[in-house]
Structure formats: C-alpha cells, structure tokens
Amino acid sequence: MTSGYGDGMRLPVPGPRDVLSVLERGAGSVEQLLAAVPRLVALVADAERLLARADTLIDDIDRTRQNADAAVARTDAVVSRADALVTTVGPLNDRLLALLDGMEPPLEKLRSTLERLAETTDPHEV
C-alpha cells in the first residue's frame, strides 16, 4: 500500500499472507493482530496529517521564494535607476565643483565686507 501521494512510500501494513500466518499461530495471535488495528489506523491518519502539513509547508516555501524573486527584481530595478542617476549627475557634479573652486578666491576677498553687511542689516530690511 502506498501513501497515495505518488512518493512510493510503503507503510508496514500486514498483507493476506501475514494474516494467514497469524491465524495459523492461534487465537492469541489473532487478538494481538486485532489489538494492532486501531494503532495501525492511527498511524495512517498521522501519516496523512504529516503529508498534508508537508504540502502546506512546501506551498509556503514556494510563496516565500516567489516573494523573494519579486523583491530581487525590484532591487535590480532600483539599482539600475540609481546607476543611471549617478551617470547623469556625474558631469553636473564636476561642473559644480569647478564653479565653486573658481568662486572661492573672490568670496574670500569679500568675506569681511559680507560679514559687516550682515551685522549692520536689520532682518526687516532683508
């Protein structure tokens, strides 16, 4: 007897030969066999519950993998956009640095004048 889930796993269920062998051994063996039936039924039920749980876990794992794949795809898209932005901003950054480097000497010369102007200007004049 297989589990019914296609995995070929055999459960230790007594076959007809086992039953005949028990009958040949006597009434005590029949009682032992009958006493084992509820336990056998419980084992099969437990096995079915475990297989159902395994199926649920596999489904959960598959959903998690799909979510992870989607997150990786979104991350790749963000990285691509960031790379494009860096490529676009790079030349602007170079121009800005050159402009600031060129403005530094005149601003240093005007510093004391600008400080005096700031000290003497009232906020409502601004």
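Residues numbered from 1 in each chain as written. Predicted model: local features only at pLDDT ≥ 70, side-chain atom pairs only at ≥ 80, totals over all residues. Heavy atoms only, no water.

*Asks:* Quick question: what am I supposed to make of the overall build of the protein here?
*Replies:* For the protein, the helix and strand inventory stands at two helices and zero strands. Of the roughly 10,800 Å² of accessible surface on the protein, a fraction of 62% belongs to carbon and sulfur atoms. (Helix = DSSP H or I, 4+ residues; strand = E, 2+ residues; numbered from the N terminus. Areas by Shrake-Rupley, 256 points an atom, 1.4 Å probe, with all protein chains shown as cover.)

*Asks:* Looking at this model, I keep getting lost on the pattern of salt bridges. Mind explaining?
*Replies:* Between side chains of opposite charge, a pair can form when the charged atoms approach closely. One pass over the full model with this rule turns up five salt bridges. Linking Arg63 and Asp60 is a salt bridge whose minimum nitrogen-to-oxygen distance equals 2.3 Å. Of the two residues, Arg63 and Asp60 both sit in helix H2 (residues 27-120), three residues apart, roughly one turn of that helix. Judged by relative accessible area, which is 47%, Arg63 ranks as partly exposed. By relative accessible area, Asp60 is classed as partly exposed at 31%. A salt bridge links Arg111 to Glu108, with the shortest nitrogen-to-oxygen separation between them at 3.7 Å. Taken together, the positions of Arg111 and Glu108, both in helix H2 and three residues apart, correspond to about one turn of that helix. On the basis of relative accessible area, Arg111 is assigned to the partly exposed category, the value being 46%. Within the structure, one salt-bridge network assembled from shared partners comprises Asp62, Arg65 and Asp69. (Salt bridge = Lys/Arg side-chain N within 4 Å of Asp/Glu carboxyl O. Buried < 20%, exposed > 50% of the residue type's maximum accessible area, 1.4 Å probe, protein only.)

*Asks:* Explain a nonpolar patch on the surface to me, please; I cannot follow it from the model alone.
*Replies:* On the surface, a cluster of nonpolar side chains totalling about 750 Å² of accessible area is made up of Leu96, Leu99, Leu100, Met103, Leu107, Leu110, Leu114 and Leu117. Along the chain, Leu100 turns up in helix H2. (Patch = residues over 30% accessible without salt bridge, like charges linked within 9 Å, V, L, I, M, F, W, Y side chains within 5 Å.)

*Asks:* Can you help me understand the confidence of the model for the protein in this one?
*Replies:* Caution applies to low-pLDDT parts of the model: their predicted coordinates are not meant to be read in detail. When the pLDDT values of the protein are averaged, the result is 85; 83% of them are 70 or greater. Note on residues 1-6: pLDDT under 50 across the span, and eleven contacts to partners over four residues away in sequence or across chains. (pLDDT = per-residue confidence, 0-100. Contact = heavy atoms within 4.5 Å.)

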